Amino acid sequence: MTQPVVLIAEELSPATVEALGPDFDVRHCDGADRASLLAAIGEADAILVRSATQVDAEALAAATRLKVVARAGVGLDNVDVKQATQSGVMVVNAPTSNIVSAAELAVALMLAAARHVAPAHAALRAGQWKRSRYTGIELFEKTVGIVGLGRIGVLVAQRLAAFGMKVIAYDPYVQAGRAAQMGVRLVDLDTLLAESDFMSVHLPKTPETTGLIGADELARVKPSLVLVNAARGGIVDEIALYSALKEGRVAAAGLDVFAQEPCTDSPLFELENVVATPHLGASTDEAQEKAGIAVARSVRLALSGELVPDAVNVQGGVIAEEVRPGIPLTEKLGRIFTALAGEVASALDVEVRGEITAYDVKVLELAALKGVFADVVEDAVSYVNAPLLAAERGVAVRLVTDPESPDHRNLITLRGTLADGSSVSVSGTLIGIAQRERLVEVNGFAVDIEPTEHLAFFRYEDRPGMVGTVGQILGESKVNIAGMQVSRDRQGGHALVALSVDSAIPAEVLGEIEHAMHAESVRAVDLAEE
């Protein structure tokens, strides 16, 4: 069997290749060389890049087999995420790989700016001993304003609190209670500007944040302010900052990022009260290794069709631990649904009830679709292309949530309408501390059976002897029954036998059972991994 091709387009740590494991044909190319990239990407199932390789529409068009683009880092400026999504290609990055490195650099820049480390170092190397000229200030008992209390902002706040600083923060998307739990006082931007002795910026660059710290904002700060930006260039207006530093309205600045990069000729570099580095936030051995290992693991998951938590173009949201056990169950329900329906539904509702609706359960809709199409299409179904497959087939998909679940703590139901107007439904839940999977409803019939690898469902008119008939035929065929449930709508009405068996039931045996029972429908489901 041919191994999937993983193309590494830039230099990554040896640990990255090791994390991929032996199951892939790992190839290399120079992603910055356009001709080399376009020649190699056509055979790739996955491509791993850093920042020099442009995975744009042209590259994606040449990549006819591509299933995943993995960026070993945080930013995705070099990847056309929209075009990748339209092409059914998953895009993953390593959003937490550099957060410690970035936080530590922000603190380093703050200390260096407060103590004039860079100019004092330069003077000493030039043979000048200038102790009095480079008198600095302490961080202890000063107020630091954190602009953006995300993952890196939180790490910076924790580290600066250890210096004995008073920490305030501005972030309109963080609740005051959560900030208070971290010992941080949440304030508006005006208050932060007025009170801060030190300021550290930790926001993503968006249209709303570009130029957020501009001339007006810098006019409202203390003249003793030390400002650090190790987040994204352009959030702090560099021209306004230069004027404020030059005129003594801001005391010092530490900068790792710039509006245009590479940046080697900024007027800010002329100032002694500026310490600057060339975007080194993620430039540690540890961060590079973490990024490579993280995306290698994501590639393994993506190429096996599994959910990838770090995929940026899968609308699954952050997966709460309370929701995660329901993902494989929901995928199985999708496969059972398709087996019961015998066709692709024209409309599908993914109904989620109970306590887990307090969390983002969008991922369960994706899991349902992945299961629904797993046995329908020849190509591998992923969490990226499953919604596209539904759209191509005109399936109207809806996620329905309800915190009320009368009979179960949590209940997941797939309910669909077929082309002839008939409906199909299947429900499952998780029980006990071990969160064991149970199938609890099939087409309106109440059951209680484990969704094992091999299942079968027989619907027939309720009458004596049918359970024995099924058992006898399966026994004669050497198919062992692991579990059996019989359900009926009323005495003498319609009944359903639900079976879990140890091995797949041969087609001829299913036909024999159907004939012996005069069954209205016979459906077998094989959930075994291929």
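A quick note: this is a predicted structure, and the numbers were derived from the prediction, not measured. (Residues numbered from 1 in each chain as written. Predicted model: local features only at pLDDT ≥ 70, side-chain atom pairs only at ≥ 80, totals over all residues. Heavy atoms only, no water.)

Could you give an account of the overall build of the protein, naming the residues involved and the relevant values?
A tally of helices and strands in the protein yields 17 helices and 22 strands. A compact globule built from 530 residues would reach a C-alpha radius of gyration of about 24 Å, whereas the protein, at 30 Å, exceeds it by more than 25%. For the protein, the spread of C-alpha atoms along the three principal axes comes to 100 × 55 × 35 Å. Every one of the 530 residues in the protein was classed for burial, and the buried ones make up 49%. Sequence-distant contacts in the protein: of pairs separated by 6 or more residues, those separated by 24 or more amount to 64%. Carbon and sulfur atoms make up 50% of the accessible area of the protein, which totals about 25300 Å². If you average the places of the 45 positive and of the 71 negative side-chain charges in the protein, the two averages end up 6 Å apart. (Helix = DSSP H or I, 4+ residues; strand = E, 2+ residues; numbered from the N terminus. Rg over C-alpha atoms; globule rule 2.2 N^0.38 Å. Buried < 20%, exposed > 50% of the residue type's maximum accessible area, 1.4 Å probe, protein only. Contact = heavy atoms within 4.5 Å. Areas by Shrake-Rupley, 256 points an atom, 1.4 Å probe, with all protein chains shown as cover. Lys, Arg positive; Asp, Glu negative; His and termini not counted. Charge placed at Lys NZ, Arg CZ, Asp CG, Glu CD.)

Describe the packing of aromatic side chains, and please don't skip the residues or the numbers.
By convention here, two paired aromatic rings are described through the distance between centres and the angle between planes. Tallied over the entire structure, the rule returns one aromatic pair. Centre to centre, the rings of Phe258 and Phe269 are 5.5 Å apart; their planes meet at 90 degrees, and the pair counts as edge-to-face. In this pair, Phe258 is assigned in the loop between β11 (252–255) and β12 (274–276) and Phe269 in the loop between β11 and β12, connecting sequence segments eleven residues apart. Phe269 sits in the partly exposed class, given a relative accessible area of 33%. (Phe/Tyr/Trp six-rings, centres within 6.5 Å; stacked < 30°, edge-to-face > 60°.)

Tell me what's going on with empty space enclosed by the protein, and back it up with residues and numbers.
Under the definition given, this model contains three cavities of 30 Å³ or more. Taken as a whole, the largest cavity holds about 40 Å³ of empty space. What lines the largest cavity is Ala112, Ala113, His116, Pro119, Ala252, Ala253, Glu272, Asn273, Val274 and Val275. Considered class by class, the residues forming the lining of the largest cavity number seven nonpolar, two polar and one charged. (1 Å grid on protein atoms, 1.4 Å probe; cavity = no way out; pocket = protein on both sides within 12 Å on 5 of 7 lines; lining within 4 Å. Points joined across faces, edges and corners; volume = space filled by probe spheres on them. Nonpolar A, V, L, I, M, F, W, Y, C, P; charged D, E, K, R; others polar.)

Give a detailed account of helix α11 (residues 238–246), specifying residues and quantitative values.
For α11, the full list of buried residues reads Ala240, Leu241, Tyr242, Ala244 and Leu245. For α11, the capping residue at the N-terminal end is Asp237, with a side-chain oxygen 3.0 Å from the backbone nitrogen of Ile239. Looking at the residues trailing α11, positive phi occurs at Gly248, about 80 degrees. (Polar contact = N/O pair within 3.5 Å; in protein donor to acceptor, adjacent residues only side chain to side chain.)

How would you summarise the environment of Leu439 if you had to cite specific residues and measurements?
The topology assignment puts Leu439 in strand β17 (residues 436–442). Separated by 103 residues in sequence, Leu439 and Ile336 place their C-alpha atoms 10.0 Å apart.

Break down the sheet that holds strand β13 (residues 347–354) for me, citing the residues and quoting the values.
Sheet strands pair via backbone hydrogen bonds, and the direction of the pair is either parallel or antiparallel. Spatially, β14-β13-β15-β16-β17-β18 is the arrangement adopted by the six strands of the open sheet, whose pairing is mixed. Across the chains shown, the open sheet's two edge strands, defined by having one partner strand only, are β14 (396–402) and β18 (445–449). Strand-to-strand twist across the sheet, computed as the mean angle between neighbouring axes with direction ignored, equals 20 degrees. Strand direction decides the pairing type here: β17 and β18, joined by three bridges, are antiparallel. The partner of Glu441 across the bridge, within β18, is Ala446. Helix α14 (residues 362–374) rests against β13, β14 and β15 (410–417) of the sheet, and its axis sits at about 135 degrees to β13. (Pairing = 2+ DSSP bridges. Axes fitted to C-alpha atoms, helices over the stretch in contact; angles between N-to-C directions.)

Any chance you could break down the packing of helix α16 (residues 466–476) against helix α17 (residues 507–517) for me, citing the residues and the numbers?
Between α16 and α17, whose axes approach to 10 Å, the crossing angle comes to 155 degrees. As summarised for this structure, α16 and α17 are arranged roughly antiparallel, according to the angle between their axes. The way α16 lies across α17 gives a crossing that is right-handed. Within the contact between the two elements, α16 uses Met466, Thr469, Val470, Ile473 and Leu474 and α17 uses Val509, Glu512, Ile513, Ala516 and Met517. Residue composition of the contact of α16 with α17, grouped by class: eight nonpolar, one polar and one charged. (Parallel < 35°, antiparallel > 145°, perpendicular 65-115°, else oblique. Left-handed = near helix turned anticlockwise from the far one by under 90°.)

All quantities given are derived from atomic positions and should not be read as evidence of function.
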